[in-house]
Amino acid sequence: MDLQKIEAFRDEIRLKTLKELYHLGFGHYGGSLSIVEALAVLYGEVMKVNPEDPKWEDRDYFILSKGHGGPGLYATLAAKGYFPEEVLYTLNQNGTTLPSHPDKNLTPGVDMTTGSLGQGISAAVGVALSHKLSNKDNYTYCIVGDGELNEGQCWEAAQFAAHHKLNHLFVLIDDNKKQLDGLTKDIIDPLDFEEKFKAFGFYTLRVDGRSLEQIYQAIEEGKGQTEQPVAIVLDTVKGQGVPYLEEKADNHHIRPSKEDEEAIVRAIAELENKLGKVVS
């Protein structure tokens, strides 16, 4: 992995995410930012995709089960060249191709419409099974939220995936410790995601969700499995990469105060300066 290249890609995704949400005036900052590193590794190094042909049959598939993280995915697709950056500033506007949650019928590069929590992982399992039955070697990657895993449907899907030995299915758990109404442990204690996915038949790893290298190495290790789907628990922080937002208690969906806006503008300026130095 070219670490310097992926670090720059990560910073570009984070910058574009902040800019599109700031332009909109509100939105899902916390859960969009916590998956930036995972998206950078997937789209910058791991996944076989072609932005010029988003429906290419031999591509790897990506499904964002936690659809409220859509702004992070949109920023990634723009950075990858699926559509111009200017489109990001139409986020959630009338007539946009970028609704608040991903829609495969509207956005180039989106493989599955998501937003109803718990359903995306089932769709990912279906895609992976279809590829296996067709003797294709496509990989299917799915990011799920820790709060989303309150849904029983997720565990039905996991059990089904293990039974069918869908070894080309990767489920990445965004374990950022928070959901809409508070801390996950206070709402429904998730216990140990690593042990739970192991019990459901997955080859399971836990990594630092801030570490590009650890995420990449976990995926590479997972590709060595021949009879098990793979779960990678990402130890993340809501608002990841922006210290002010990380420390903000209610950071799932933010309608910024003046203080919030000032912090976001500073973060945007810092990332632009950092990327400017890389380019120069």
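Remember, predicted model here, so these are calculated numbers, not experimental data. (Residues numbered from 1 in each chain as written. Predicted model: local features only at pLDDT ≥ 70, side-chain atom pairs only at ≥ 80, totals over all residues. Heavy atoms only, no water.)

Caption draft 1: View of the nonpolar core. By size, the foremost hydrophobic cluster in this structure holds 58 residues, and its most contacted members are Leu18, Tyr43, Phe62 and Tyr141. Setting aside residues no more than four positions away along its own chain, leucine 18 makes contact with Tyr29, Leu33, Val242, Leu245, Ile264, Ala267, Ile268 and Leu271. (Core = buried A, V, L, I, M, F, W, Y, C linked by side-chain atoms within 4.5 Å. Buried < 20%, exposed > 50% of the residue type's maximum accessible area, 1.4 Å probe, protein only. Contact = heavy atoms within 4.5 Å.)

Caption draft 2: Region of the structure containing helix α4 (residues 70–80). Here α4 lies mainly inside the structure; 10 of its 11 residues are buried. All of the buried residues in α4 are Gly70, Pro71, Gly72, Leu73, Tyr74, Ala75, Thr76, Leu77, Ala78 and Ala79. Next to the buried residues of α4 lie α1 (3–24), α2 (29–33), α3 (36–46) and β1 (61–64). Positive phi appears at glycine 81, one or two residues downstream of α4, with a value of about 100°. (Helix = DSSP H or I, 4+ residues; strand = E, 2+ residues; numbered from the N terminus.)

Caption draft 3: Here's a closer look at the environment of tyrosine 74. Within the secondary structure, tyrosine 74 sits in helix α4. Among the residues examined, tyrosine 74 registers a relative accessible area of 0% and is labelled buried. Residues tyrosine 74 and valine 87, 13 residues apart in the sequence, show an inter-C-alpha distance of 9.3 Å. Residues contacting tyrosine 74, with those up to four places away along its chain left out, are Glu20, Phe83, Leu88, Leu91, Leu98, Pro99, His101, Pro102, Asp103, Thr107 and Val110. In this structure the side chain of tyrosine 74 is engaged in a polar contact, spanning 3.4 Å, whose partner is the backbone oxygen of histidine 101. (Polar contact = N/O pair within 3.5 Å; in protein donor to acceptor, adjacent residues only side chain to side chain.)

Caption draft 4: Focus on the pairing of strand β2 (residues 140–145). For β2, the tally of buried residues reaches six of six residues, placing the bulk of the element in the interior. Sheet topology places β1 next to β2; four bridges connect them, and they run parallel. Residue pairing in the sheet places leucine 64 in a bridge with isoleucine 143 of β2. (Pairing = 2+ DSSP bridges.)

Caption draft 5: How the structure looks around the sheet that holds β2. Across the sheet, which stays open at both edges, the five strands sit in the order β1-β2-β3-β7-β6 with parallel pairing between neighbours. Across the chains shown, the open sheet's two edge strands, defined by having one partner strand only, are β1 and β6 (203–208). The sheet shows a mean angle of 20° between the axes of neighbouring strands, direction not considered. Seen against the sheet, helix α5 (residues 120–133) touches β1, β2 and β3 (169–175) and runs at an angle of roughly 170° to β2. Most of the contacts of helix α9 (residues 212–222) go to β6, to which it runs at about 170°, and overall it touches β2, β3, β6 and β7 (230–235). (Axes fitted to C-alpha atoms, helices over the stretch in contact; angles between N-to-C directions.)

Caption draft 6: A look at the pairing of β6. In this sheet, β7 lies alongside β6 in parallel orientation, the contact comprising six bridges. Among the inter-strand pairings, aspartate 208 is bridged to a residue of β7, identified as aspartate 235. Each parallel crossover has a hand, and the one from β6 via α9 to β7 is right-handed. (Right-handed = clockwise from strand over helix to strand, strands pointing away.)

Caption draft 7: Broad picture of unusual backbone geometry. One non-glycine residue with positive phi stands out, namely asparagine 92, at about 65°. With respect to the helices and strands, the residue asparagine 92 is situated in the loop between α4 and α5. Within the chain, lysine 177 stands out as a residue other than glycine whose phi angle is a positive 75°. If you trace the backbone, lysine 177 turns up in the loop between β3 and β4 (178–179). The exposure class of lysine 177 is partly exposed, given its relative accessible area of 33%.

Caption draft 8: Region of the structure containing the pattern of salt bridges. One pass over the full model with this rule turns up 20 salt bridges. Here aspartate 11 ties to lysine 274 by a salt bridge, and the two come within 3.2 Å at their closest N and O atoms. One end of the pair, aspartate 11, is in helix α1; the other, lysine 274, is in helix α11 (residues 258–279), and 263 residues separate them in sequence. The exposure class assigned to aspartate 11 is buried, which follows from its relative accessible area of 6%. Ionic contacts of the salt-bridge type, sharing partners, join the residues Glu12, Lys16, Lys19, Glu85 and Glu272 into one network. (Salt bridge = Lys/Arg side-chain N within 4 Å of Asp/Glu carboxyl O.)

Caption draft 9: The side chain of glutamine 225, seen in detail. By the element assignment, glutamine 225 lies in the loop between α9 and β7. The class for glutamine 225 is buried, based on a relative accessible area of 18%. Every residue in contact with glutamine 225, bar those within four places of it in the chain, is listed here: Asn167, Tyr203 and Val230.

Caption draft 10: Just the packing of aromatic side chains, in detail. Counting across every chain of the model gives seven aromatic pairs. An angle of 70° between the planes, with centres 5.7 Å apart, marks the rings of tyrosine 43 and phenylalanine 62 as edge-to-face. Taken together, the residues span a long stretch of sequence, with tyrosine 43 in helix α3 and phenylalanine 62 in strand β1 at a distance of 19 residues. Like tyrosine 43, the residue phenylalanine 62 is buried in the burial classification. Connected via pairs of aromatic rings, a cluster forms that spans Trp155, Phe197, Phe200 and Phe202. A cation over an aromatic ring shows up here: arginine 59 above the ring of tyrosine 61, its NZ or CZ 3.9 Å from the ring centre. (Phe/Tyr/Trp six-rings, centres within 6.5 Å; stacked < 30°, edge-to-face > 60°. Lys NZ or Arg CZ within 6 Å of the ring centre and 35° of its normal.)

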